[in-house]
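Topology and contacts: notes
Spelled out from the first residue to the last, the chains are:
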Amino acid sequence: MALPDSVTTCLSQPVHYAICKLGFEKKDTYDIANILSGNGEVCWPAVTEHVCYLESDQSVDYIKSIRSLGPVCESVNSYFKSLTKEQFVIQYASWFHWTNCTEVFLEVFDVLQSTQATEVALGLMKLTSCLERALGDVYLLKGNDCPFLLRDLLASEQLADVFGQAVMNVLKVFIGSPHGLNLRNVLWHGFASPQEIPAKYCAMLLFLTAGLGQLLETYLLQTKGVLVHRPYVIFMSLEELDAFPGNEILSIAEELVKLSSFVLKIMLPFWIAALTAFKQSRYADSVILLLPQLEAGLRLLFTTTNKCPNRLLTAESSALYTTFDEMLAKHLDNEEVNQLPVVLEEPAMESDFKSDFLWDFLNHQEGPRIRDRLSHGEINLETFPREIANQIVGFAITILCRFSDEAMFSLKEHMVIKPLMNCASCYQSRFHPISRLKKQVLECMKSIHLWPELATVPEEQEQKIKGLEGNAEANTLVLMVSEIIPQLQHYMPQNCCSSDDPMNSVLTERLLVELCDTRICTLYSPRPVLEVVVVLRKISAQCHQVSQQVIAGAGLRHTQWLNKTLRSRQRHNYRRMLNSIKFLSPVLQLILLLITLELVSVHSICKKNPFDYQQYLKFLKSVLQYTENLVTYTSPDKNKWDETMELTKKTLIKIKKISDRKLMLMHQLC
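Structure report, in brief. From a predicted model like this one, the values you see are computed outputs, not experimental measurements.

The rules behind these values
- Residues numbered from 1 in each chain as written.
- Predicted model: local features only at pLDDT ≥ 70, side-chain atom pairs only at ≥ 80, totals over all residues.
- Heavy atoms only, no water.
- Helix = DSSP H or I, 4+ residues; strand = E, 2+ residues; numbered from the N terminus.
- Buried < 20%, exposed > 50% of the residue type's maximum accessible area, 1.4 Å probe, protein only.
- Contact = heavy atoms within 4.5 Å.
- Areas by Shrake-Rupley, 256 points an atom, 1.4 Å probe, with all protein chains shown as cover.
- Axes fitted to C-alpha atoms, helices over the stretch in contact; angles between N-to-C directions.
- Parallel < 35°, antiparallel > 145°, perpendicular 65-115°, else oblique.
- Nonpolar A, V, L, I, M, F, W, Y, C, P; charged D, E, K, R; others polar.
- Expected span 1.5 Å × (residues − 1).
- Phe/Tyr/Trp six-rings, centres within 6.5 Å; stacked < 30°, edge-to-face > 60°.
- Lys NZ or Arg CZ within 6 Å of the ring centre and 35° of its normal.
- Core = buried A, V, L, I, M, F, W, Y, C linked by side-chain atoms within 4.5 Å.
- Domains from an automatic or database assignment.
- Polar contact = N/O pair within 3.5 Å; in protein donor to acceptor, adjacent residues only side chain to side chain.
- Salt bridge = Lys/Arg side-chain N within 4 Å of Asp/Glu carboxyl O.

On to the overall build of the chain. Of regular secondary structure, the chain possesses 29 helices and zero strands. A burial count over the chain gives 57% of its 670 residues as buried. Here the contacts in the chain between residues at least 6 apart in sequence split such that 77% fall between residues at least 24 apart. If you sum the accessible surface of the chain, you get close to 29600 Å²; carbon and sulfur atoms cover 52% of it.

Let's shift gears to the side chain of S540. Structurally, the position occupied by S540 is in helix 26 (residues 527–562). Residue S540 is classed as buried on the basis of its relative accessible area of 1%. In this view, S540 contacts L437, Q440, V441, C444, L592 and I595; residues no more than four positions away in its chain are not counted.

A word on the packing of helix 3 (residues 62–82) against helix 11 (residues 199–223). For the pair helix 3 and helix 11, interaxial distance at closest approach is 8 Å and the crossing angle is 80°. When the axis of helix 3 is compared with that of helix 11, the two are roughly perpendicular. Side by side, helix 3 and helix 11 meet where I66, G70, V72, C73, E74, V76, N77 and F80 of the first sit next to A199, K200, Y201, A203, M204, L206 and F207 of the second. For the contact of helix 3 with helix 11, the class distribution of residues is 11 nonpolar, two polar and two charged.

With that settled, the discussion passes to helix 28 (residues 614–633). End to end, helix 28 covers 28 Å across 20 residues, agreeing with the expected 28 Å (1.5 Å per residue, within 8%). Taken together, the buried positions of helix 28 are Y616, L617, F619, L620, V623, L624, Y626, T627, L630, V631 and Y633.

The next point concerns unusual backbone geometry. One non-glycine residue, Q58, lies in the positive phi region at around 60°. Structurally, the position occupied by Q58 is in the loop between helix 2 (44–48) and helix 3. A positive phi angle is found at K307, which is not glycine, with a value near 55°. As for its placement among the helices and strands, K307 is situated in the loop between helix 14 (283–305) and helix 15 (324–327). Owing to a relative accessible area of 70%, K307 belongs among the exposed residues under this scheme.

The full count for this structure, using the stated rule, is 17 aromatic pairs. Measuring from ring centre to ring centre gives 5.1 Å for F96 and F105, while their planes differ by 10°; the resulting arrangement is stacked. Residue classification places F96 among the buried positions, given a relative accessible area of 0%. Through a chain of ring-to-ring contacts, the aromatic side chains of Y79, F80, F88, Y92, F96, F105, F109 and F207 assemble into a single cluster. Against the face of F24 rests K200, its NZ or CZ located 3.7 Å from the ring centre. A cation over an aromatic ring shows up here: R299 above the ring of F191, its NZ or CZ 3.8 Å from the ring centre.

If you look at the biggest cluster of nonpolar residues, it comprises 154 residues, and the most contacted ones within it are F80, Y92 and F174. Viewed by domain, this core spans two of them, domain 1 (13–223) and domain 2 (238–426), each represented by three or more residues. In this structure, F80 is in contact with F88, Y92, F109, L112, Q113, A203, L206 and F207, ignoring residues within four places of it in sequence. In terms of nonpolar packing, the next biggest core, distinct from the first, is built from 71 residues, L536, Y574, I591 and L594 among them.

Mapped onto the fold, K126 is located in helix 6 (residues 117–139). Separated by 159 residues in the primary sequence, K126 and D285 have C-alpha atoms spaced 8.5 Å apart. Apart from residues lying up to four places away in sequence, K126 is in contact with V104, E107, D285, I288 and L381. At 3.1 Å, the side chain of K126 forms a polar contact with the side chain of E107.

This next bit is on the packing of helix 3 against helix 9 (residues 165–174). Interaxial distance between helix 3 and helix 9 falls to 10 Å at its minimum, and their mutual angle equals 90°. As the angle between them shows, helix 3 and helix 9 are arranged roughly perpendicular. Facing Y62, S65, I66, L69 and C73 of helix 3, the residues of helix 9 in contact are K172, V173 and F174. Split into classes, the residues belonging to the contact of helix 3 with helix 9 amount to six nonpolar, one polar and one charged.

Mapped onto the elements of the fold, I658 is located in helix 29 (residues 641–669). The sequence separation of I658 and F619 amounts to 39 residues, and the corresponding C-alpha distance is 8.2 Å. Those residues within four positions of I658 in sequence are excluded, and the remaining contacts are Y616 and F619.

So, about the pattern of salt bridges. Taken as a whole and judged by the stated rule, the model has 18 salt bridges. Across the salt bridge formed by D110 and K85, the nearest N and O atoms sit 2.9 Å from each other. Of this pair, D110 sits in helix 5 (residues 102–112) while K85 is found in helix 4 (residues 85–92), placing the two residues 25 residues apart along the sequence. K126 is the partner of D285 in a salt bridge, and the nearest nitrogen-oxygen pair spans 2.9 Å. Of the two residues, D285 is situated in helix 14 and K126 in helix 6; the sequence distance between them amounts to 159 residues. Via salt bridges that share partners, E107, K126, R282 and D285 belong to a single interconnected network.

Here A389 shows up in helix 19 (residues 386–402). Note on A389: relative accessible area 0%, which makes it buried. Through-space distance from the C-alpha of A389 to that of I288 is 9.6 Å; in sequence the pair is 101 residues apart. Sequence-distant contacts of A389, defined by excluding residues within four places in its chain, comprise F278, Y283, V287 and F384.

The topology assignment puts T508 in the loop between helix 24 (502–506) and helix 25 (509–516). When neighbours within four sequence positions are excluded, T508 is seen to be in contact with M445 and H449.

Here it is in structure tokens:
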């Protein structure tokens, strides 16, 4: 689709005026000595006197404050430009230690010496991110739950108690308040182009951060407090994030950036800087630059496809502006269907790849939530993983290709681009609750399949453990499982159930893998589906815990048996455990199979004909109760194996009655 290429700014007129003009209206030359003591400390009273207040309610008058602080910011910027790096480090480095990101702030000083507008904007994004995190650490000196939003953090009584309300009002003029310059948000949400961010505001925030360090040092000395820094988020299992091949994806990326209609021309320097940063292995910088531009491009698409061009610009402080959350929602605020997800995908692509990818990397609670964590300072920028940057760059290239001229067909068929697009066509959500359930089921099955390898009593020694040969109850339960399985075979792949051995032919990891590989639409899953998935995940988690407890308990008891340290009662208990393992394994595997069959079928049914799940949820919750009781009974301090057997028998009877009826209903609805 054609996108407008005449956008000259993404800042609304009032916001553009506030950022680009208001702070330049006063032409006074401000003497830096007014706000800087001889030893380099910030004279806060001389700074706070420039904050103006409304007569009506004594709240901050942001317009007058920005105008008044403009010459001060200019003076600070000139002062920093007059310093060498060595002078700056000697005088100010120690005042940044409270942020736990001293190197980032020293880099911002370097940026101020350059004339690259993109570098200033990048430095300001990193500065606000690290400053927010540090302020959150200070908040926790006096409070418990740190506010998620910067504006709420700056408005907190806790920070006002430490730094003083007048100081917090200065910060609110620059960041955190939609009534002020709001520099953090206009950059992180992709509204400001490089040339629209005056370097003097970056210099002023650097100066204020050092001043906050001076105030905090005094406060900690007076209160004998200790500032504790929260640990950074560490990304585990990076292989889960691997959607795109790690090949030379940058070889033609710059050409795509210049030709794709997805890129706003005023933002082109950000794109070029992002690709350059990736080439230089500055992975955090690359992603910090790319994410706001993806948001800006998607906002252009969103406003064009949904016919609301006014939403392209920053909204006034009285209204919300269009961000990822709204752009990825199913409906607009007027309840009409959001057209963006449809437009995003390639015409021949059946999947919701781009929407799924964005939800995975940005929104799903169990995903990496890259933008949130980067912008709020939760990630160590120095150790940002290349793997994540590679995925963001790869995704960006697929969008650039999607919105490029048909004349670029040969470029799309390029030996680098084509494999990328093939990966995109196969993408399935990794962090949607349904996807996490699939992962849970397979991990639990792997755990249960370790049971046959558990050390057990040699056959010639079995008679020494009284009652081990009496397995009638366990065999009965195994038989019940084998009777339930044929009821399910109509809902499984063909030829997977052997009439000679239905249990061992069905209760396999291979079958679960095959079922879990079934593509399921996760985008905008209906509430009934999500309710079912929540319960299924709890059941799977309990099954896994039971398996881990059995493995640990069996290993411990076998060692004690070999060492002849088991008392009479413990030997009897060990016998009951070995009996129980024989039926618990197929029972748990049956439950995992039922979970997977339900998962594969329930979503498509619900999309076609949503129906009341309450009755079936009641059944699922009874299975959940059973697995929770299993966790208790099989725990090392309980070992209630007879009770486990009786409880399992009742649950299997219930499963046998309802599974055939439920699955038949689902089959009819399909």
